[in-house]
Amino acid sequence: MDTKSYDAIVIGCGLGGLIAAARLARAGKKILMLEQHVVPGGCATVFKRRHFTMEVGLHEMDGLDDADFKREIFAQLDVFQNLEFVPVPEFYRTVTEDGRIDAVIPDNAQKAIQMLQARFPEEGAAINAYFETIHELRCEVARMNAMPKWRFALCLPLFPVIFPRIARLYKKSLGQFLQSITGNAELRQILLTNLGYYHDDPESMSMLYYSMAQGGYYAGGGHYIKGGSQKLADYLVTYIKERGGEILFNQLVTSILVEHGRAGGVAFERRHGRHKNPSAARAKIIIANAAIPNLPDLLPSAEAFRLKRSIAGQQIACSLFSIYVGFKSPPAPADQSCYSTFVAPKVFDDLRQIALNNRAPFHERGFVFVDYSKIDSGLAESPRSVGAFCCVDYLEDWENLDTEAYNARKEAAARHFFDRMERFMPGFKEKIETYEVGTPRTIKHYTMNPAGSAYGFAQIPGQDGIQRIKSKSVVPGLHYASAYTFPGGGFTGAILSGWFAAAGVLKDLR
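One structure accompanies this document, and this report is about it. (Residues numbered from 1 in each chain as written. Predicted model: local features only at pLDDT ≥ 70, side-chain atom pairs only at ≥ 80, totals over all residues. Heavy atoms only, no water.)

When you line up the elements, D350 lands in the loop between β15 (340–344) and α13 (352–357). Between the C-alpha atom of D350 and that of R188, which follows or precedes it by 162 residues, the distance is 9.9 Å. At 2.7 Å, the side chain of D350 forms a polar contact with the side chain of R352. (Helix = DSSP H or I, 4+ residues; strand = E, 2+ residues; numbered from the N terminus. Polar contact = N/O pair within 3.5 Å; in protein donor to acceptor, adjacent residues only side chain to side chain.)

Okay, here's the thing in structure tokens:
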């Protein structure tokens, strides 16, 4: 068997793994990346259908303001010189089918405050409390993460004084916070509109993680990578290869090799094809850009037991259902729609109804429709355009269906969403040229993520933010870089996880 040696081997080519490998390659380290799929990116990918490029994962990337650490990462990796980030025109439009809500939320905190206070003049104190809290929590987390470990240790006795909002809210849920500041159901629902970007239930959504992510949108707006998120993944592949890194696709890691209690290599083989061609490689460090719950199956029994124990009790996040649509022409006139339109059947007076609605039949379930024709997306040539539906979903509703039932359920769900969108955009259905449906089963097939989760471990108090699993595992020599680790899921979470993982690896290699 081939036993080449490297400074680090990265299992997986999702954004976390690519960012980690890029930083290590930039530092002159010898890198091998192994990806079981035939393209890089994980959920940061696109696919082609007829005349259309379909975006798999990215609707909008938060931040890119001066306080967003992604700016520093992208600057160091020359991303801004090679990719174009297109600003999204607003945060979102939120509507209810019962007619009670139709509001467009700006992606600027001050403008959003003004709009909401004009709509809810009696809720001024609650609106101010909401925006002040998410801004201050985001700032406190940034300050805390910037502290050297020795200084943070010295500050622990004064933690409630130095980080008062974190100390007060790190165990709180988003639902608890909102109910403590307002009883207005319409205001709560507007503020919670894009909850599905992070989690499925406001009553268990971490207030800490929510503030980090939501605060980024209100501070820096949303951005889309022109041409699709695959552009970022492909660029990072080029960056790594230009600095001597080696990347192999269609290579499934079958085991992590451990000697004297330390991870020091991997065995791998072709995932697809008649001949598996088993091979192996050695490295000083192994970085897992893969679902952490899958890793015990790759380890010897003693190390597998220790890793399982270290993640025991961690809840896995929900999955997503998506419909990727190619249109003959934009689905709505320029003045009659927004980039992101969130549709809910009604105003939920009880926050518990939101989580229940995420499991409702598709003709009742809330969803978002993203109209990429509202920006210069680069996904289709005019007059054609691309759109996407997305909603929270769960693998358990799909995994035991036979092929006929599976396809029938996909088609029925698509028809329900098309019919519902027709009410807000007359003529919507007649403009559809082609579409493709993705389910939690699809996500699991292409990413191997348990439960088809796109977010890793759930963003709930106790496994979020400062309490989330860190990049160094309990197995010496094994590091993590993925949505399962600090700071969490989404594009920003994966990017930061890779950067922080590489920092720890560089320290270990020194």
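Take the sheet that holds strand β6 (residues 85–87) next. Pairing within the open sheet is antiparallel, and its 3 strands lie in the order β5-β9-β6. Each end of this open sheet is capped by a strand with a single partner; those strands are β5 (61–62) and β6. Relative to strand β9 (residues 222–225), β5 is paired through 2 bridges, and the arrangement is antiparallel. Residue pairing for β9: M61 is matched across the bridge by H223. (Pairing = 2+ DSSP bridges.)

Turning our attention to the packing of aromatic side chains. This model, assessed by the stated rule, comprises 38 aromatic pairs. Measuring from centroid to centroid gives 4.8 Å for F321 and F362, while their planes differ by 35°, and the two rings are tilted. Here F321 is found in strand β14 (residues 319–327), whereas its partner F362 is found in the loop between α13 and β16 (367–371), with 41 residues between them in sequence. Note on F321: relative accessible area 0%, which makes it buried. Accessibility expressed as a relative area gives 6% for F362, which makes it buried. With a centroid separation of 5.8 Å and an interplanar angle of 15°, the aromatic rings of F321 and W398 are classed as stacked. With F321 in strand β14 and W398 in the loop between β17 (385–393) and α14 (403–424), this residue pair connects regions lying 77 residues apart in the sequence. (Phe/Tyr/Trp six-rings, centres within 6.5 Å; stacked < 30°, edge-to-face > 60°. Buried < 20%, exposed > 50% of the residue type's maximum accessible area, 1.4 Å probe, protein only.)

This paragraph deals with a positive patch on the surface. On the surface, K149, K470, K507 and R510 cluster together into a patch of positive charge. Mapped onto the secondary structure, K507 falls in helix α16 (residues 490–509). Taking the relative accessible area as the measure of exposure, K507 reaches 58% and is therefore exposed. (Patch = residues over 30% accessible without salt bridge, like charges linked within 9 Å, V, L, I, M, F, W, Y side chains within 5 Å. Areas by Shrake-Rupley, 256 points an atom, 1.4 Å probe, with all protein chains shown as cover. Salt bridge = Lys/Arg side-chain N within 4 Å of Asp/Glu carboxyl O. Lys, Arg positive; Asp, Glu negative; His and termini not counted. Charge placed at Lys NZ, Arg CZ, Asp CG, Glu CD.)

Those residues of helix α8 (residues 174–181) lying buried are L174, G175, F177 and L178. For α8, the angular spread of the buried residues around the axis is 160°, confining them to a single face. Where the residues of α8 are buried, they touch α4 (124–146), α7 (164–169), α9 (185–191) and α10 (207–220). (Arc of directions from axis to C-beta. Contact = heavy atoms within 4.5 Å.)

What follows covers unusual backbone geometry. Geometrically, the link from S382 to P383 is a cis peptide bond, its omega value of 10° lying close to zero. The residue P383 is located in the loop between β16 and β17 in this model. The omega torsion across F486 and P487 is 5°, close enough to zero to call that bond cis. Mapped onto the elements, P487 comes out in the loop between β19 (478–480) and α16. Residue R50 is not a glycine yet carries a positive backbone phi of 55°. Among the structural elements, R50 can be located in the loop between β3 (46–49) and β4 (52–55). R50 sits in the exposed class, given a relative accessible area of 63%.

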